[in-house]
Structures are given as structure tokens and as C-alpha cells.
Amino acid sequence: MGDESESRHPYLSGNFAPIRQTRSLTRCPHTGIIPTELAGGQYVRNGANPLTNEDTRRQAHWFDGDGMLSGVFFRRTAHDAHEIEPYFVNQYVFTDVFLNAKDNHNLRRPLLPSITTLISGSLLTIALVVVRAILLVILSRLPGSRRAVKKISVANTGMVYHDGRALATCESGPPMRFQLPNLETVGWYNGRRAENEPNDDARAGFGGKGPVTFMKEWTTGHPRVDPVTKELISIHAVFVKPYVFYSIVPPASKVTLKSDRLLGAMFDVPVPGVRSPKMMHDFGVAARHTVILDLPLLLDPMRCVLGKPIISFDPTQRSRFGVFPRYEPQKIRWFETNPCIIFHTANCWETTSMWPVVETCVHLVACRLTSASVLYSAGALSPPTLKTVPLESAEEEQCRLYYYNFPISDGSSDKERPMIRHQWALSAIPFEFPTISPQHAMSAAQFVYGCSVGSPSYSSAALGKAAKIDYLAKIDVDALITRGMAQPPQQIKGCVDTRTVQEVMQSTDDNDPIKLFQMPDGWYAQEPRFVARQGASSEDDGWLLTYVFDEAQLDERGECGSEAVSELWVIDAKKMKDIVARIHLPQRVPYGLHGAWFSEEDIANQRAVEAVRRETTEQELDMLSPLSRMRHVIEKILG
């Protein structure tokens, strides 16, 4: 029994384990007082939930698996508009990959290769899983298949609301529109229209036309929506030159602005200067500038030909930040620094000074890691031995909230090498999954919220263990940047506030720039989302919403029974001490990725749809033709 317990994959066990049950809107009991600002809105969280999960000892990764949306809708009651009843709902995202696998008993493993295989597999292993995936995609187009796999995205990463559409994202395909509050899947969105919309716009959008269209439509997991112009800004990282494309999608109805910032749509504009294919999970967007992260996290299928992993971190290469005006990527300027990895940016904004010279500075706050250890630990792997790096580039293992200042002088020469003016950690506590007040995005927001752990680093989880969030953090970036300017720490390796989590918890200062909400013993949280109070007195006057789970529900093998349940907590974001409401869910929500808050106005203003995606019934399948029988046999062999 002990050997069996130890052999279970940490990210397929406990509350990381996928769930099978989905529910339509189901009323939930709650304790406490639900803030009136939540009325009519919905909190939704996306995450990987593998449908095909029979082989629990296979190579797997926390980022693998079909997208599942889990939401709580705060419905106004029929008899009293001020009374709120929470309803839970969860649904798979009906991607091509999901619909092909649903009720397909031939498949024992997911169609797509695991990230774990791509970062650790041998040449033969990678070749086999890639060939298997290609063959299954080809077979999906034959009679008897439940869905032709035309796009490989599993839409399991993030969410964004743009121009009347709620969109689920993943960088291996275009966004997928879904409908609030039932979370039904509408269809793929190409920047012009979504499948199943009453829209006859046949113009090309993401991807355009041509031989690499299927790659150019791959959209970052974290597209940004400007809170002022309502434009959607996105990047598309691909395997061929120029390696990154850039798109801006304005809203259909023009926004009235005091300054003329809103231009027409831009699709798949090349971003010059990227030297090789990279894993680009996120980027920075300010009101007038965009920041591309060209970091030494390689993502190149051609590496497997050389017997190297497709995904690999190279600490001997430099990290490069490309900064350009929002509508002019051809004017990009590259800033270089020590190697690092950034999966998530928190905020980006500009300031302009007039003396002694006219100068614009682009500021970026992001979660900076010094190695790719977290990428390996999320796949239950030991990180590889890294190449020897120069002493000046060597850093301790960490994941911290960093501040960058990129000066852009109007009179600077193109021959001048751009230099980062400031780059240091704001706090020494581990920090990831950042979020801010949406109304303050792309401006100088004062507060960043996120997740932390009591151990020194997110990547410190031992092999076979999974990192879990036992603290929610609130960092006053304005105060810490001001302190850093007054007493500058060492560039790159320095830190403004060097306290540990335990030392911060001992603070009794109401004005402490770092505040932590500690989870009760055995309880763990997920990424929080901020919702502002109506008529807020300050930027932090509002609430954090997060799913939580009590691991006292796990059995002696560390597994969840069918009766295990999660809760949604509403936490006072100003004091970071009080839980104002607890929504008791009818089932658990596995530890997942990113969430979003959709307001009552968002839900009311959704665009019309003619249909939603659905499963193919047995009666609709052609199971008797020779091609169908051949497909069935080959598919079963491939498993």
C-alpha cells in the first residue's frame, strides 16, 4: 500500500486530482454576509482537468489537461433584488480535443503530449508521443470520430472579458468563447467573430491566411484588455521567424476618449528582434507601451532532433525585454539583463518627466524566478543540472515580485544601448499568481495581491510533493518602490524588504507595506481575484475571492472521496484579516490556474449566440463504414 501511495503523481492526487462530475447552476448555502457589489456577478476559475485519466502513473504535469470552468454566480432573488443567492456551476470547455475524447474508450491517455515529456523525454519518447498525437488528429477526421481535431488548444489557462464575450485562453490556440452564467461553450474566437455567433464577418483574424496560420492564431494565455479603450492586446509566439506576432482588437463600438488613442484592428504584426522560439506565457501592457519578454526558456521542436528537450531553460543566455509603443512594434527597443523566468506580470505603466530632458519610463512589476525548477516540480521531476554560469549571474533560488524601470528618452540615439535603470525585488517572500484592481490596470496601481507559501520558495517542494498556497499576500508596491528609490538595493540581486513570511506575520504595523492572510492549518487557497466596493474610499477597498479546500477531508492515502467539498471565501482586501462570507460548494474545486470576475454588466451585455457546442450522440456516429472500423482499430492500438 505504501508503494502504491508513493507512486501516485502528486498533481493527479489529493485536491489536485481531476473531477468527473459537472453541475448546472446549483444553489449553495453560505455563512456571513455577501457584499452587495457581488450581486448579479460571477466568479469563474479555469484549470486543467484531464478527461482521459485512466493511467494515473503516466507522465503528467499540472498544466496538462482539458480546461474546466468552475464558477459561483451571485444571483439576485426574484422577490428582493438586494438579496443574493450563490449558485455553483462547473463545465468542461468543449474544445475539439475534449469532444474527440469524450466517451471515447479507445483513449487511455490524453491526446496531447504531457509538458513533462517535452521537458524530460528522450528523443525516442518525444518522437513517439508526437507521432501518436499527429496520427490521432488525422484519425479524428475519419468517419466514426466524435469530433475532428482542427485546433489543439485545451483552453485551460486563463479568462478575459472583451467586447461582449467571455473568453477562455491557452497559448496553443485561439481563445474560446463561453457563455455566462451557465458556462456553456460557444466556440473559437478569431478576433473578428466567434463560432455560433450571428455574425457574417468572414475577414481573417488571428492567424490570417497562409501555411503557418495554425501557429499564428496561437494566442497568449494572458491577453490584456485596456480598462479605458477596451482594446484586447495579445501576442502569438510561434516556432518560425519572426517567432512573435502581435495583435490589437478594438471594441466594435468605439469608446469616447479625451485623447485619440483608439486605432483600428491589428492582426499578426511581426515583432522584430526575437532570436529563437521561446515559451512566452505572459507580457506587459501599459496605456501606451507594450513589453515583450524574450527570456531563456526555450520552446523549440527542432531541439528533439538533436536529442535535447523541446522545453529547456538556458541560464547562460541573457533575458531580454522588448519595449515598444502600443501601435508601433517596429520601434521596439531591447533591454538585457541576467537570465530569469517570468510566467506572470502583475502590472505595467508609464511616467513622463520633462526635465532635464523629456523622458518616458515604462515600469513593470512581475513575478521573477531564477530557475525553471517550478516547471519541473509541477511535473514531479527533479530539475536537471544546469550549465555553469558566471558568478555575476549566479543567484539563489527564488520567486519574488520584482520591479523594472525601462527609460525611453525621446532624444536617444538608436546606437545607444538601452539600459534598465532599476531592477530589484520588492519583497523577499515567495510570490506568484499576481492580481490587481482591474480598474487600475495599466496605470500606477498601488497594490498587488497574490499567493505565497511558508517555505522559502515555490520551487522548494520536494520531488513527489506539490506546492500549496497557505498565504494570500497584499503588497504595497508604491511604498516599496518609493523606499527602493530612496535607498536603492543592489541591482538585480537586491531586495527592498528582506523579511521572511514568518517575520512579516509578526508585524503589528497597520501601515506595513506587506500584509499576509494566513490560511487555517490544513486549508489551502488558490489565486485570488479583487472586486472593488461600490464608491470605494481607496484602491484596496474591496474583497478578494478565492476557492479554498480543507485537506482534513483527505483519506489515509491522501485522496479525496466523493463527499469532499470546497468553499469560496470572500476576504476583506483592506485589512487582510477577515472572511466576510463563505460559500459552501456542493463539490470540490481542484487546485487550478487563473480566475476572473465577471460583473453583472458583463453578463447582461454578452453578444447573442445562435447555438453552443455540444457532444456528438452515439446515433450520429458512423460506426459501420470500412473507414470508421479502420479508425477504431488504429485508435485503440494507439491508446
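If you're wondering where the values come from, they're calculated on a predicted model, not measured in any experiment.

Attention shifts here to the sheet that holds strand S18 (residues 319–325). Picture the strands of a sheet paired through backbone hydrogen bonds; they go either parallel or antiparallel. Pairing is antiparallel across the open sheet formed by four strands, whose spatial order is S14-S15-S18-S19. Both edges of this open sheet fall to strand S14 (284–285) and strand S19 (333–337), since each of them pairs with a single strand only. Of the pairings in the sheet, the one linking strand S15 (residues 289–294) to S18 comprises six bridges and is antiparallel in character. Within the sheet, the bridge partner assigned to Leu293 lies in S18 and is Phe321.

Inspection of every chain in the model, using the stated rule, returns 27 aromatic pairs. An angle of 90° between the planes, with centres 5.0 Å apart, marks the rings of Tyr246 and Phe324 as edge-to-face. A residue pair is termed long-range when its members are at least 10 positions apart, and Tyr246 in strand S12 (residues 244–249) and Phe324 in strand S18 qualify at 78 residues. Each of the two residues, Tyr246 as well as Phe324, counts as buried. Of the aromatic side chains, those joined through ring pairs into one cluster are Tyr11, Phe16, Trp62, Phe63, Phe433, Phe549 and Tyr591. A cation sits over an aromatic face here: Lys468 above Tyr524, 5.5 Å from the ring centre.

This brings us to the environment of Ala60. Locating Ala60 in the fold gives a position in the loop between strand S3 (42–48) and strand S4 (67–76). Judged by relative accessible area, Ala60 falls into the buried class, the value being 3%. Distance in space between the C-alpha atoms of Ala60 and Glu601 is 39 Å, their sequence separation being 541 residues. When near neighbours in sequence (up to four residues on either side) are disregarded, Ala60 contacts His9, Leu12, Ser114, Thr116, Ala378 and Gly379.

Overall, mixed pairing links the five strands, which are arranged S20-S21-S22-S23-S27 in an open sheet. Single-partner strands in this sheet number two, and they are strand S20 (341–353) and strand S27 (495–497). Between one strand and the next, the sheet's axes are offset by a mean angle of 25°, whatever the strand orientation. With 11 bridges joining them, strand S21 (residues 359–369) and strand S22 (residues 399–409) adopt antiparallel strand pairing. By the bridge assignment, Arg368 is partnered in S22 with Arg400. In this fold helix H7 (residues 477–486) packs onto S20, S21, S22, strand S23 (422–427) and S27, with an angle of close to 125° to the strand it touches most, S23.

About the thresholds
- Residues numbered from 1 in each chain as written.
- Predicted model: local features only at pLDDT ≥ 70, side-chain atom pairs only at ≥ 80, totals over all residues.
- Heavy atoms only, no water.
- Pairing = 2+ DSSP bridges.
- Helix = DSSP H or I, 4+ residues; strand = E, 2+ residues; numbered from the N terminus.
- Phe/Tyr/Trp six-rings, centres within 6.5 Å; stacked < 30°, edge-to-face > 60°.
- Buried < 20%, exposed > 50% of the residue type's maximum accessible area, 1.4 Å probe, protein only.
- Lys NZ or Arg CZ within 6 Å of the ring centre and 35° of its normal.
- Contact = heavy atoms within 4.5 Å.
- Axes fitted to C-alpha atoms, helices over the stretch in contact; angles between N-to-C directions.

Purely spatial values, then, with no claim about function.
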